[in-house]
Amino acid sequence: MPEIKVTPLGAGQDVGRSCILVSIGGKNIMLDCGMHMGFNDDRRFPDFSYITQNGRLTEFLDCVIISHFHLDHCGALPYMSEMVGYDGPIYMTHPTKAICPILLEDFRKITVDKKGETNFFTSQMIKDCMKKVVPLNLHQTVQVDEELEIKAYYAGHVLGAAMVQIKVGSESVVYTGDYNMTPDRHLGAAWIDKCRPDLLISESTYATTIRDSKRCRERDFLKKVHETVERGGKVLIPVFALGRAQELCILLETFWERMNLKAPIYFSTGMTEKANHYYKLFITWTNQKIRKTFVQRNMFEFKHIKPFDRSYADNPGPMVVFATPGMLHAGQSLQIFKKWAGNEKNMVIMPGYCVQGTIGHKILNGQRKLELEGRSTLEVKLQVEYMSFSAHADAKGIMQLIRMAEPRNMLLVHGEAVKMEFLKGKIEQEFSIDCYMPANGETTTVTTNPNVPVDISLNLLKREMSLGGTLPDPKKPRTMHGTLIMKENSLRLVSPEQAMKELGLSEHHLRFTCRVQLQDPHSDADTLHRIYMHLKSVLKGYTTQHLPDSMSVMVESIVVKVSSSTEDPNTKVLLLSWSYQDEDLGSFLSTLLKKGLPSVLC
């Protein structure tokens with residue numbers, strides 16, 4: 001039986017460093033190639049030695065697909081392609097292709113230029129890596145080679161995020177990347193058609209969460225920011241440059257305008273301009289409201305939100321600062337956090353998921369004394385709030401996607417083991433399908449039962465209906481009799497008459513014959529009559545005819561003829577013949593007559 005093999009090199013029972021190997025129909029595909037924000041050593045990147053111990057990856061991989069620009073999904077790409085070695089195609093959407101190198105370069109600057117780390121990719125490597133990228137359009141089927149094809153679907157989550165369907169012959173896999181099933185202020189909800197893949201690989205970050213009303217969360221967020229500013233405190237909101245940042249900026253901008261507030265709001269320099277540029281460039285990826293508003297004004301050009309300068313962090317008085325990155329593991333957000341952490345008037349609001357090992361994860365778990373690099377400690381006195389504005393699907397959203405796509409099997413990645421286990425049970429119970437959750441380096445094998453699509457001629461369907469058949473039901477298997485014609489790459493089931501006409505063949509009738517010897521002292525005519533009576537009593541549902549002129553009995557297409565043996569008149573020779581349609585009935589009759597005739601016949 002054909003099978004699909006899946007091995008996570010990252011994001012197996014873990015969040016971060018997404019990298020999943022899929023083998024399908026003799027093709028090997030790498031889905032995402034991310035880095036782990038919680039590590040600063042070799043564990044930061046996926047373990048590519050799993051694919052090959054030495055040498056380049058090109059000969060082992062048919063293609064690489066990147067779902068979106070977040071670094072836990074694309075951060076290891078230049079390392080994989082330029083340092084380990086891969087020259088094949090890398091597929092991603094147009095927005096991801098535009099934004100990915102900017103985020104990679106930003107992270108490189110923080111890691112190499114500021115922290116002085118070695119064994120890291122260079123600016124030139126990022127450029128060389130991006131030359132291998134093939135851009136994807138939504139709903140466009142792309143032929144990677146003769147057998148392998150891929151198709152992207154809208155995933156919400158962030159600008160340019162896509163779910164991908166991978167097909168080889170009749171086998172298929174859908175990989176969700178990160179997705180969001182509820183629309184927000186600037187992006188639409190994820191969508192996929194009823195593609196019924198053999199396997200759906202889904203993220204499960206919020207596997208056990210069902211989020212409360214978005215409006216309540218927004219009201220709570222605005223209330224906390226407003227209260228902190230009113231008491232003279234500073235609010236730090238760590239965000240990633242694109243995505244939640246724009247969502248929360250639109251929210252605060254409208255609130256500041258409505259309330260006529262004067263406290264300054266700042267955003268990490270450089271990123272705002274770039275973000276606005278890309279949202280304008282890829283406006284079709286945003287939601288309907290943003291597209292309509294853009295006709296009159298740019299919704300990402302803010303009146304109350306100004307670019308941030310490092311020196312502003314020391315300014316007295318209240319302020320709100322959006323700073324990158326979102327998990328407080330490096331960069332400007334961490335620098336500001338260190339300055340403001342000692343004052344209880346201040347507040348940090350974490351709007352998204354934080355990976356284990358990051359400062360964000362530590363303070364959300366109540367840690368009040370932090371060990372920083374260089375063995376210095378930091379006392380955390382400011383208020384810490386977690387408000388999920390995360391653009392990941394919650395448990396309800398994951399179930400909704402399963403209903404939408406109707407997969408035959410399910411595999412969970414990008415989540416915590418305990419939560420995954422709970423969701424796995426729910427999925428298996430509700431949908432009666434197998435659900436897998438492999439750990440990193442563990443291979444899951446899914447056996448597939450590929451369907452072979454066949455076109456059926458209208459005449460054949462009409463004939464089936466005229467014979468009293470019910471209307472075709474896609475959920476119930478049905479046997480159809482006809483001739484299968486294979487022409488080029490398509491299969492058609494047609495009536496035998498149509499097949500012969502198309503192929504220029506003349507009709508031949510195939511009949512099976514069988515001889516049965518029977519001991520019966522009566523005349524041939526009496527024996528024939530006795531056979532007729534016996535068959536009529538046994539085969540009540542069949543048409544049985546007595547034809548004395550031709551010394552035969554007919555049951556459907558089966559003919560039974562009687563003659564006496566030349567050597568012994570009491571031995572009768574029965575000759576049975578039937579067409580291939582009545583093969584089962586013919587076999588049954590020959591077995592029945594071999595047992596002889598009953599002594600008394602009604």
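Our structure's up above, just so we're on the same page.
Overview of the structure. (Residues numbered from 1 in each chain as written. Predicted model: local features only at pLDDT ≥ 70, side-chain atom pairs only at ≥ 80, totals over all residues. Heavy atoms only, no water.)

**Some remarks on the environment of Y436**
- With respect to the helices and strands, the residue Y436 is situated in strand β21 (residues 434–436).
- In sequence terms Y436 and C100 are 336 residues apart; their C-alpha atoms lie 30 Å from each other.
- Discounting residues that sit within four places of it in the chain, Y436 has contacts with N409, M410, L411, L412, T444, T445 and V446. (Helix = DSSP H or I, 4+ residues; strand = E, 2+ residues; numbered from the N terminus. Contact = heavy atoms within 4.5 Å.)

**Describing the pairing of strand β12 (residues 234–238)**
- The element β12 is largely enclosed, with a buried count of 5 among its 5 residues.
- By the bridge criterion, 5 bridges tie β12 to strand β15 (residues 319–323) in an arrangement that is parallel. Within β15, the residue paired with I237 across the bridge is F322.
- Of the strand pairs in this sheet, β12 and strand β16 (residues 347–350) are connected by 2 bridges, and their pairing is parallel. Within β16, the residue paired with L236 across the bridge is V348. (Buried < 20%, exposed > 50% of the residue type's maximum accessible area, 1.4 Å probe, protein only. Pairing = 2+ DSSP bridges.)

**A look at the sheet that holds strand β1 (residues 3–10)**
- Spatial ordering of the open sheet is given by β6-β5-β4-β3-β2-β1-β22, a layout of 7 strands whose pairing is mixed. Two strands close off the open sheet at either side, each with one partner strand: β6 (133–136) and β22 (444–447). Taken pair by pair, the neighbouring strands of this sheet meet at an average axis angle of 25 degrees, ignoring direction.
- The pairing of strand β5 (residues 90–93) with β6 spans 4 bridges and is classified as parallel. The residue bridging T93 from the neighbouring strand is L136, located in β6. (Axes fitted to C-alpha atoms, helices over the stretch in contact; angles between N-to-C directions.)

**Details of the pairing of strand β20 (residues 409–413)**
- Most of β20 sits out of view: 5 of its 5 residues are buried.
- The side-chain alternation of β20 yields two buried faces, one formed by N409, L411 and V413 and the other by M410 and L412.
- Direction of pairing for strand β11 (residues 199–203) relative to β20: parallel, over a ladder of 4 bridges. Bridge pairing in β20 links S202 to L412.
- Both β20 and β21 contribute to a ladder of 3 bridges, which runs parallel.

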